[in-house]
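Each chain, letter by letter, is given below.
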Amino acid sequence: MPPQRVFSLPRQQSLLLPAVINPFVQDTKLTKAAVIKCVLLGIFLVPVRAILISLVLMVTWPVSVIITFKHPLKGAVEPMRGWRRFMCRRVMAALGRAYYFCMGFRVVIKGKQVNSSEAPILAVAPHSTFFDGIVCIVAGLPSTVSRVENLATPIFGRFVRCLQPVLVSRKDPDSRKNTIQEIDSRAKSGGHWPQVLIFPEGTCTNRSCLITFKQGAFIPGVPVQPILMRYPNKLDTVSWTWQGFGAMKLLLLTLSQLYTTVEIEFLPPHIPTEEEKKTPFLFASRVRDSMAQALGVPVTDHTYEDCRLMISAGELTLPMEAGLVEFTKISRKLNMNWDNLRKELEGFSAMASSCKGGRITIEEFARFLKLSVSPTLEELFALFDRNGDGTIDFREYVIGLTILCRPANTEDVLVMAFKLFDMDKDEKITREEFTALLRSALGVSDLNMAKLFKEIDADGSGFITFNEFQAFATTHPEYAKLFTTYLELQRYQAIQEACPGDLQLSGQASSEENQEDSTSDKKDD
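It should be emphasised that the depicted structure is a prediction, and the values quoted were computed from it without experimental measurement.

Definitions and cut-offs
- Residues numbered from 1 in each chain as written.
- Predicted model: local features only at pLDDT ≥ 70, side-chain atom pairs only at ≥ 80, totals over all residues.
- Heavy atoms only, no water.
- Core = buried A, V, L, I, M, F, W, Y, C linked by side-chain atoms within 4.5 Å.
- Buried < 20%, exposed > 50% of the residue type's maximum accessible area, 1.4 Å probe, protein only.
- Helix = DSSP H or I, 4+ residues; strand = E, 2+ residues; numbered from the N terminus.
- Contact = heavy atoms within 4.5 Å.
- Salt bridge = Lys/Arg side-chain N within 4 Å of Asp/Glu carboxyl O.
- Pairing = 2+ DSSP bridges.
- Disulfide = S-S within 2.5 Å.
- Axes fitted to C-alpha atoms, helices over the stretch in contact; angles between N-to-C directions.
- Parallel < 35°, antiparallel > 145°, perpendicular 65-115°, else oblique.
- Nonpolar A, V, L, I, M, F, W, Y, C, P; charged D, E, K, R; others polar.
- pLDDT = per-residue confidence, 0-100.

### Describing the nonpolar core
In terms of nonpolar packing, the biggest core is built from 38 residues, with Ile-67, Met-103, Phe-105, Met-229 and Ile-264 touching the most fellow members. Broken down by element, the residue count for this core peaks at eight residues, all from helix H2 (residues 82–102). Not counting chain neighbours up to four residues away, the residues in contact with Phe-105 comprise Tyr-100, Phe-131, Ile-134, Tyr-231, Thr-254, Thr-260 and Val-262. Counting 32 residues, the second-largest nonpolar core is a separate cluster that includes Phe-365, Phe-381, Phe-384 and Ile-392.

### Observations regarding the pattern of salt bridges
Per the stated rule, a full pass over the model turns up 10 salt bridges. The salt bridge partner of Arg-207 is Asp-236, with a shortest N-O separation of 3.5 Å. Of this pair, Arg-207 sits in the loop between strand S5 (196–198) and strand S6 (224–230) while Asp-236 sits in the loop between S6 and helix H6 (247–255), and the two are 29 residues apart along the sequence. Across the pair, Asp-236 and Arg-207 agree in class, each one buried.

### A look at the pairing of S6
When you tally the buried positions in S6, you get seven out of seven residues, the bulk of the element. Across the two faces of S6 the burial is the same, with Val-224, Pro-226, Leu-228 and Arg-230 and Gln-225, Ile-227 and Met-229 all buried. The pairing of S6 with strand S7 (residues 260–266) spans four bridges and is classified as antiparallel. Within S7, the position partnered with Arg-230 by the bridge is Glu-263.

### Comments concerning the state of the cysteines
In protein chemistry, a disulfide is the covalent bond that joins the sulfur atoms of two cysteines. Applying the stated criterion across every chain yields a total of zero disulfides. Cys-88 takes part in no disulfide bond, and the closest cysteine sulfur to it belongs to Cys-162, at a distance of 5.3 Å. We classify Cys-88 as buried; its relative accessible area is 0%.

### Re the sheet that holds S5
Pairing is mixed in the open sheet, where seven strands are placed in the order S1-S7-S6-S2-S5-S3-S4. Where the open sheet ends on each side, the last strands, each with one partner, are strand S1 (105–110) and strand S4 (166–168). With direction set aside, neighbouring strand axes in the sheet form an average angle of 25°. Of the pairings in the sheet, the one linking strand S3 (residues 143–147) to S5 comprises two bridges and is parallel in character. Across the sheet, residue Ser-143 finds its bridge partner in S5, namely Val-196.

### Describing the packing of helix H1 (residues 32–68) against H6
Orientation of H1 relative to H6, taken along the N-to-C sense of each, is 100°, at an axis distance of 7 Å. When the interaxial angle is binned, H1 and H6 end up roughly perpendicular. Each of Cys-38, Leu-45, Val-46, Arg-49 and Ile-53 in H1 lies in contact with H6, whose residues at this interface are Leu-252, Leu-253, Thr-254 and Leu-255. Its residues assigned to classes, the contact of H1 with H6 shows seven nonpolar, one polar and one charged.

### Let's talk about the confidence of the model for the chain
Per-chain confidence: the chain averages 78 in pLDDT, with 75% of residues scoring 70 or above. Low pLDDT, under 50, characterises residues 1–12; the predicted model gives this stretch 38 contacts beyond four residues in sequence or across chains. Counted against residues more than four places away or in other chains, residues 502–525, with its pLDDT under 50, gives 43 contacts.

### Thoughts on the packing of H1 against H2
Between H1 and H2, whose axes approach to 9 Å, the crossing angle comes to 170°. Here H1 lies roughly antiparallel to H2, going by the angle between them. Residues Arg-49, Leu-52, Ile-53, Val-56, Leu-57, Val-59, Thr-60, Val-63, Ser-64, Ile-66, Ile-67 and Thr-68 of H1 form the contact with H2, whose own contacting residues are Trp-83, Arg-84, Met-87, Cys-88, Val-91, Met-92, Leu-95, Ala-98, Tyr-99 and Cys-102. Of the residues in the contact of H1 with H2, the class split is 17 nonpolar, three polar and two charged.

Here it is as structure tokens:
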């Protein structure tokens, strides 16, 4: 039986793959029978419903104009009162129900909504479609959070104004701070303002899980009433995700159904503890957990930034799924921001753009490093390959670089490596010295060594100085870990030869201890 390697610490469970790999894709399969049914029903239903919807909008628009006439949206804004509030809550709500009824929606309401003094904020999840606006109608037209640009949308912009939304502007650098302050002010108005309805996920998913909740709804530290949304239909014609049917196709498919069922469930308000009031992240996490439990779905640490990385992956000719890394978890545990991850994605694409499915095999890994496949390289590749499937995806690449390679890329390691190469101690590495060590250590061919030597020798002097060696290692941290892995293997083999059969897998004992958030975050691989 071949000797087993000793790993001093186990891999972190917290960095394993999420339960749902991609919550931003919806792959609805339309069978021939479903297509025929949609066409036959659509020939009659679509034009009839389009006429009815137009009639409702023709009545709704002038009503919304009257309600918002000379009512400011900015400055010292006060909540609507008197006849404006009556028309908004009664007339506009009735027209909203008529609008969705004409589209064929059948609404099932479960639970009971509490008033604004009991729960000033309503948190709705999962957010999966533009049809989710129906929850605003059911909840009595509470305030929402909306982009400033939505106010300029023909017809519907006037409807949004009736909700007196908390406005977000991408052009204003202080917009996020102002938005949080406005939500906090309304939530603590003691019932003066209507409830604020927020979709804390911040983007649409396929409802297979609940992704990270943004903290805006939880910063005020007031009771929050969770609202669940379900679409229990045989054919999913509503999910509007980053990969799947477009808005127009979904609209036509939905209008072609006899009816579309939507369930809206009001859960009991979540009253925050003192600890949750001080820690919005904890408050958001516990509300999400309770909602996920009621829905019977898992939670993941994906967020809107994963969507941005998906788009970036597509722009780099990688499969869009390659950009999914569970941004919230990766950024928190590895101390990386979006710009860092975007830069790492570019480096990954240099290796993986020609690979099928955007996953790197050991051959591509070796080719990128200009090395041959050797036991040492196989060892390093195995450390990157966290799930043991023989390939490295972008998520594994980022984790490997951050907790394996960069910690190994210290000045002490570089000095030691340079001294091993510099056999005659003249403080420079000649091509012959470089070739001799790499051939014996890593089994690199002469052709690969020539390319690698030329890349490190930045000034083309024919030898490598320590500054050149260090500069190359800074931008290529994989080599530092490759070098230390080689030394570890050498030591391991020496111990095996000296004391055969005496080694115990000491790492197994430590694997029983859960050290997820300890200092092993940076060392566990």
